[in-house]
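Each chain, written out:
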Amino acid sequence: MSSPTILVVDDEPQIRRVMRNALSSHGYAILEAPNGAEALKKLGAERLDLIILDMNMPGMDGVEACREIRTISKVPIIMLTVRAAERDKVRALDAGADDYVVKPFGIEELLARIRAALRRAPGVAAIAAKELSLDFDKRLILVRGKAVHLTPKEFELLRELAANEGKPVTHKRLLQTVWGPDYGEQTEALRVMVNQLRKKIEADPANPKFIRTEPWIGYRFMAPEESTNPDASRDSRR
């Protein structure tokens, strides 16, 4: 299995060097870009698993670069900012960043955020059934043949549950995967979102078949009994 490739985008060579050394020592393959324009070139030429993007760069700043990246790619983006102001965090997230880190930061915090972002990134096998069809690559959710709109967080919650089909997923893991590593104790917010999701995909939300509660632990996703993986079905007919 190849190491995840991370593109570090920062106009300061010293910061790029420090991050290259630290992240390489933890098994990541590192590429570098000194500005947003070069980052876009790298994105077009390389297969990237994650981008670490400085918010305050001359020329094309991090916010503008993030918006440009989002027009062509869903690669996870972690934004670096020197200010902890809420306005800057909102700008980063609204531009399409998956997370942000305030400088100066500890390498352990950055590594935790990288792991969380990469956990959210992998594709999940499609599920095809009359009651419920899920295609996360196409962002298509069908309930009894009709398309259902999910909010971004509802979509990420369902994807994380489906990625662990049949296994209990803890409240803390769901919160940190969907909301970010700073979360983990806000179980009431998770409960509200699970209830909203059940209303959209369950025939009887009060007696759910797909998203089941694991008391004191979290939730478990159970695929429809007649579900199939469309890609596997095509392979079997070859």
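As the structure is a computational prediction, the values presented were derived from the model and not from experiment.

A. Just the pattern of salt bridges, in detail. All chains considered together, the criterion is met by 15 salt bridges. For Arg-191, the salt bridge is made with Glu-188, and the minimal N-O distance between the two is 2.5 Å. Here Arg-191 and its partner Glu-188 are both found in helix α8 (residues 187–201), three residues apart, which amounts to about one turn of the helix. Each of Asp-10, Asp-54 and Lys-103 takes part in one network of salt bridges that share partners.

B. Up close: the sheet that holds strand β9 (residues 168–170). The antiparallel open sheet is built from three strands, whose spatial order is β9-β11-β10. Edge positions in the open sheet fall to β9 and β10 (211–214), since each of these has one partner strand only. Across the sheet, the axes of successive neighbouring strands diverge by a mean angle of 35 degrees, strand direction being ignored. Note: β10 against strand β11 (residues 218–221), four bridges, orientation antiparallel. For Ile-211, the partnering residue across the bridge sits in β11 and is Phe-221. Lying on the sheet, helix α6 (residues 152–163) is in contact with β9, β10 and β11; it crosses β11 at an angle near 70 degrees. Along the sheet face, α8 touches β10 and β11 and points at about 150 degrees away from the line of β10.

Reading the values: the criteria
- Residues numbered from 1 in each chain as written.
- Predicted model: local features only at pLDDT ≥ 70, side-chain atom pairs only at ≥ 80, totals over all residues.
- Heavy atoms only, no water.
- Salt bridge = Lys/Arg side-chain N within 4 Å of Asp/Glu carboxyl O.
- Helix = DSSP H or I, 4+ residues; strand = E, 2+ residues; numbered from the N terminus.
- Pairing = 2+ DSSP bridges.
- Axes fitted to C-alpha atoms, helices over the stretch in contact; angles between N-to-C directions.
- Contact = heavy atoms within 4.5 Å.

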